[in-house]
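# Structure at a glance
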Amino acid sequence: MTFRSGRYETNRKEASEPLAGGIGERRPRVMIIYASAGAGHDGASRELASRLRERGLLADCVDLADIFPWGLGRLLRGTYHGMLSRLPWIYGLLFAIGGNFSRAAPITRALLRPVWPRVLRMLPPDTRAVVSTYPVVSQIVGPLRREGRLAVPVITYLTDFAVNPIWVSPGIDVHCAAHRTTRAEARALGAGEVRVAGRLVSAGFRPGAAAEKRRARERLGLPADARLALLVAGSWGVGAVARTAAEIARTGAAVPVVVCGRNEALFRRLERRRTGYVFGWVDDMPELLRAADVLVENAGGLTALEAMACGLPVATYRPIPGHGRANAATMARAGVATWVRRAADLGPTLVRLADGAAGERQRAAGLALFETDPATVVADVARGGAMAGPTEGPGREVVSPFDAAGPATTPSSLVDQPLGAAGLVGGATPLDAPALVDDAPALVDGVTPADPELPAEVPAGVAGVPSRRTLTRWVGLRAGVARLRIGVDQPRTDGGHPDRQG
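Computed from a predicted model, the values in this text were never measured in an experiment.

## Remarks on the packing of aromatic side chains
If you walk through the whole model with that rule in mind, you get 0 aromatic pairs. Over the aromatic face of Trp281 sits the side chain of Arg262, whose NZ or CZ is 3.8 Å from the ring centroid. Over the ring of Trp339 we find Arg341; its NZ or CZ atom is 3.8 Å from the centre of that ring.

Okay, structure coming up:
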């Protein structure tokens, strides 16, 4: 496996490997295109590539930032980082526009069209499948597939629980979703075949016994008998981390253990305040997760998944705008996390999750995500295997686009080849993203019910066309109160106006 920030280059070891089967037949190659926008997307890509190699395939990961010309990818990545760190309300507003303006996805595809030739040149001739782990990537490879420029199947691995319309692109053969709640959102937005395929984390993330927890606390210098709340905010350490740590400490329900990631300024600030225990970048995250009693997070990212794989209950508190709030709502509906909306509920919720039956139910729901493996779906697609339609939704038959003319033979060229099958979903108008409205059910014992009524699904190939807000109306009515809206569900500490993100 190659995994690097940079354009694809043939790995010498892989190029010299023996042929897999008959004369002239090499092992299928899967190209995974990710984006270095935090650890979630590239972490999932790395793990997917590793598992594909274990299944006998070749796998390579390529950073979208290095496909864009003139350093534009790195500029966009820096802009995204800056917005999350300094102006999160602007990011939240842009995310909401993307979720409510029906032309956002088509405009994105049009703007990305000049990148098509660079993507096609990056793919080697023996590629059997392309996987996207980032929404912008799906808006590139989906249209390439639909227009016949890309003759191999394209898979979108939905790294987020919540599905923003930018995730869904016409031409994608299969979407891999974490949970049936995620699947319902994707189908409502016009996605064709969506398979509930579980999640990907490294094998080191697993539940630990009480003796392992004790040893982990000793090695890390953490108190042996205290209730520990592990606070994370992604590799960039964004959001109201310092405020959240102080609020956890004030509850008296748990001792905060904060991971700052690569945010050195945040690390120094928390060190000065001496609030709980503070770590910078952690190399042995499985050990730290096994030492904790509950995870507190704000974005629904990779660490939340790693905690679920370790059997650690997850609480979302002060989620960052945009995908953080969207993931908080969808994860709560799926029953794998608890969205704590008020400061007064923080302490009781931490106790219930760490020690009560609510935490046990949530642990079971989280561990169930890892009973299936998305790498199995990808490997089957790359080998040209027949894919059964979704098991959910009786009476709804979904035909796999590559069943009709699957990639049984390696194409001589990926450019200007005929489309593998007809009938791909195209031009579906997205519905209002359900995760963007505050409709999560009431909490019972700190946990949202796991089986709420899910959004109505749209049969494959049928585009639901609900009434939509126009951009003019949306901006005119809502942009003026965007900053207040972002703070509506933030915890109240004084019974008055809601706090804003710190």
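Okay, back to it.
## Section: the pattern of salt bridges
A complete count under the given rule lists 18 salt bridges for this structure. When the shortest N-O distance is used, the salt bridge between Arg29 and Asp126 registers 3.0 Å. Residue Arg29 is located in strand S2 (residues 29-34), and its partner Asp126 is located in the loop between helix H6 (116-122) and strand S4 (127-132); the two are separated by 97 residues in the primary sequence. Here Arg29 falls in the buried class, since its relative accessible area comes to 4%. Connected through salt bridges with shared partners, the residues Glu47, Arg51, Arg55 and Asp373 form a single ionic network.

## Description of the confidence of the model for the protein chain
When the pLDDT values of the protein chain are averaged, the result is 76; 71% of them are 70 or greater. Scored below 50 in pLDDT, residues 1-23 shows 53 contacts in the model against residues more than four places distant or in partner chains. Taken together, the stretch residues 386-502 has pLDDT below 50 and engages in 256 contacts with residues farther than four places along the chain or on a different chain.

## Focus: the pairing of S2
Most of S2 sits inside the fold, with 6 of its 6 residues counted as buried. Residues Arg29, Met31 and Ile33 point to one face of S2 and Val30, Ile32 and Tyr34 to the other, with burial holding for every one of them. Bridge count for S2 against S4 is 5 bridges, and the pairing is parallel. Its bridge partner lying in S4, Ile32 is registered against Val131.

## What to know about helix H7 (residues 135-146)
Note: α-helices contain 3.6 residues per turn, so residues at a spacing of three or four share the same orientation. For H7, spanning 12 residues, the distance from its first C-alpha to its last is 16 Å, which sits close to the expected 16 Å at 1.5 Å a residue. Within H7, 10 of the 12 residues are buried, which leaves the element mostly enclosed by the surrounding structure. Along H7, the residues that are buried comprise Pro135, Val137, Ser138, Gln139, Ile140, Val141, Gly142, Pro143, Leu144 and Arg145. Check the buried side of H7 and you find it contacts S2, helix H5 (104-112), H6, S4 and strand S5 (154-157). Gly148 sits one or two residues past H7 and shows a positive phi near 85 degrees.

## Focus on helix H8 (residues 180-188)
For H8, a buried count of 8 out of 9 residues is recorded, marking the element as mostly surrounded by other parts of the structure. When H8 is considered as a whole, its buried residues turn out to be Thr181, Thr182, Arg183, Ala184, Glu185, Ala186, Arg187 and Ala188. Its buried side turned inward, H8 meets strand S6 (174-177), strand S7 (193-196) and helix H14 (323-334). Just past H8, the residue Gly190 takes up positive phi, approximately 105 degrees.

## Section: the sheet that holds strand S12 (residues 314-317)
As summarised here, the arrangement of the 6 strands in space is S10-S9-S8-S11-S12-S13, forming an open sheet in which the pairing is parallel. Since the sheet does not close on itself, it has two edges, and those belong to strand S10 (277-279) and strand S13 (338-340), each with one partner. Along the sheet, successive strands turn relative to each other by an average axial angle of 25 degrees, direction set aside. Here strand S11 (residues 294-297) runs beside S12; their pairing, made up of 3 bridges, is parallel. Following the sheet pairing, Leu295 is matched in S12 by Val314. The strands that helix H10 (residues 241-251) touches are strand S8 (228-232), strand S9 (255-259), S11 and S12; relative to S9, the one it contacts most, it runs at about 160 degrees.

## Topic: the nonpolar core
Counting 36 residues, the largest nonpolar core has Ile33, Leu64, Val119, Val141 and Leu150 as the members making the most contacts within it. Looking at this core, the elements that each hand over two or more residues are S2, helix H3 (72-86), helix H4 (88-100), H6 and H7. Val141 has contacts with Ile33, Val119, Val130, Ser132, Leu150, Val154 and Ile172, leaving out every residue within four places of it along the chain. Judged by nonpolar contacts, the second largest core, of 33 residues, contains Ala216, Ala309, Ala334 and Ala337.

## A word on a nonpolar patch on the surface
A cluster of nonpolar side chains, contributed by Leu72, Leu75 and Leu76, occupies part of the molecular surface with about 270 Å² of accessible area. Along the chain, Leu72 turns up in helix H3.

## Let's talk about the pairing of S9
S9 sits mainly inside the fold: 4 of its 5 residues count as buried. The pairing of S8 with S9 spans 5 bridges and is parallel. Looking at the pairing, Leu228 lines up with Val255 of S9. In this fold, the crossover linking S8 to S9 by way of H10 has right-handed handedness. Bridging between S9 and S10 involves 3 bridges; their strand directions are parallel. What sits directly across from Val257, in S10, is Tyr277. Crossover connection from S9 via helix H11 (residues 264-273) to parallel S10: handedness right-handed.

Parameters at a glance
- Residues numbered from 1 in each chain as written.
- Predicted model: local features only at pLDDT ≥ 70, side-chain atom pairs only at ≥ 80, totals over all residues.
- Heavy atoms only, no water.
- Phe/Tyr/Trp six-rings, centres within 6.5 Å; stacked < 30°, edge-to-face > 60°.
- Lys NZ or Arg CZ within 6 Å of the ring centre and 35° of its normal.
- Salt bridge = Lys/Arg side-chain N within 4 Å of Asp/Glu carboxyl O.
- Helix = DSSP H or I, 4+ residues; strand = E, 2+ residues; numbered from the N terminus.
- Buried < 20%, exposed > 50% of the residue type's maximum accessible area, 1.4 Å probe, protein only.
- pLDDT = per-residue confidence, 0-100.
- Contact = heavy atoms within 4.5 Å.
- Pairing = 2+ DSSP bridges.
- Expected span 1.5 Å × (residues − 1).
- Axes fitted to C-alpha atoms, helices over the stretch in contact; angles between N-to-C directions.
- Core = buried A, V, L, I, M, F, W, Y, C linked by side-chain atoms within 4.5 Å.
- Patch = residues over 30% accessible without salt bridge, like charges linked within 9 Å, V, L, I, M, F, W, Y side chains within 5 Å.
- Areas by Shrake-Rupley, 256 points an atom, 1.4 Å probe, with all protein chains shown as cover.
- Right-handed = clockwise from strand over helix to strand, strands pointing away.

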